Amino acid sequence: MTSIQRPSRTARTLFRLRDLLAVPTGVGAAARAAVLAGLCLTAIVALQSATGIGHLASSLGSTVIVAFLLPDSAFARPRIILAGHAVSSLTGWAVAALLGPSPWAAALAVGLSIVVMQALHCMQPPAGGDPILIVGADPATAVASVAIGAVVVAAAAWLYRFGRGSVRASGS
């Protein structure tokens with residue numbers, strides 16, 4: 001008679017981790033996304049507090065929703081998160097430098113960031129809000145704030161996708 005071996009403790013832990021990262025539909029998915037988004041935004045706020053950079057860009061709230069509720073979306077890819085926020089932030093900074101702070105400059109910066117993201121194939125819809133923050137605040141501080149947030153969200157999105165097994169060989 002052959003005995004059935006139980007999975008090792010490590011295997012059981014990995015199975016539990018896989019089950020935690022699985023993305024069911026419905027309320028469970030929304031609850032999981034909410035918890036992960038909250039943890040991610042808390043990490044961003046902690047890093048910004050530690051560095052003295054104090055703006056929490058609202059666009060990052062939208063980005064974590066995409067990253068954790070729609071993890072298989074092209075917009076949830078870490079490369080797209082980083083590139084989209086970088087392009088939008090730099091576009092906002094350039095417009096602020098040329099035109100100064102005004103609602104018209106912010107509107108122009110958003111429009112230009114959409115054109116540039118599309119041209120560079122790095123469309124990140126939530127990043128379209130970055131120029132509004134950057135034109136209306138101290139541009140250097142706001143860009144640094146968005147950069148910290150984008151790096152944290154991209155890293156968390158990559159870990160989440162990796163844990164689910166949806167990271168391709170290219171790392172996106």
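Above this note sits the structure.
The following paragraphs examine the structure supplied in this document. (Residues numbered from 1 in each chain as written. Predicted model: local features only at pLDDT ≥ 70, side-chain atom pairs only at ≥ 80, totals over all residues. Heavy atoms only, no water.)

**A closer look at the nonpolar core**
So, step 1. Counting residues in hydrophobic clusters, the biggest one holds 16 residues, and the most contacted among them are Cys40, Ile44, Val64, Ala67, Phe68, Ile81 and Val153.
So, step 2. The element best represented in this core is helix α7 (residues 139–164), accounting for 6 residues.
So, step 3. Contact partners of cysteine 40, with chain neighbours within four places excluded, come to Val64, Phe68, Val152, Val153 and Ala156.
So, step 4. Listed in part, the 6 residues of the second largest apolar core include Ala96, Ala106, Ala109 and Val135. (Core = buried A, V, L, I, M, F, W, Y, C linked by side-chain atoms within 4.5 Å. Buried < 20%, exposed > 50% of the residue type's maximum accessible area, 1.4 Å probe, protein only. Helix = DSSP H or I, 4+ residues; strand = E, 2+ residues; numbered from the N terminus. Contact = heavy atoms within 4.5 Å.)

**Quick notes on a nonpolar patch on the surface**
So, step 1. Side chains of Leu98, Leu99, Leu108 and Leu112 sit close together on the surface and give an oily, nonpolar patch of about 410 Å² of accessible area.
So, step 2. Counting residues per element, the ones that place at least two in the nonpolar patch are α4 (78–99) and α5 (103–119).
So, step 3. Here leucine 112 is to be found in helix α5.
So, step 4. Judged by relative accessible area, which is 36%, leucine 112 ranks as partly exposed. (Patch = residues over 30% accessible without salt bridge, like charges linked within 9 Å, V, L, I, M, F, W, Y side chains within 5 Å. Areas by Shrake-Rupley, 256 points an atom, 1.4 Å probe, with all protein chains shown as cover. Salt bridge = Lys/Arg side-chain N within 4 Å of Asp/Glu carboxyl O.)

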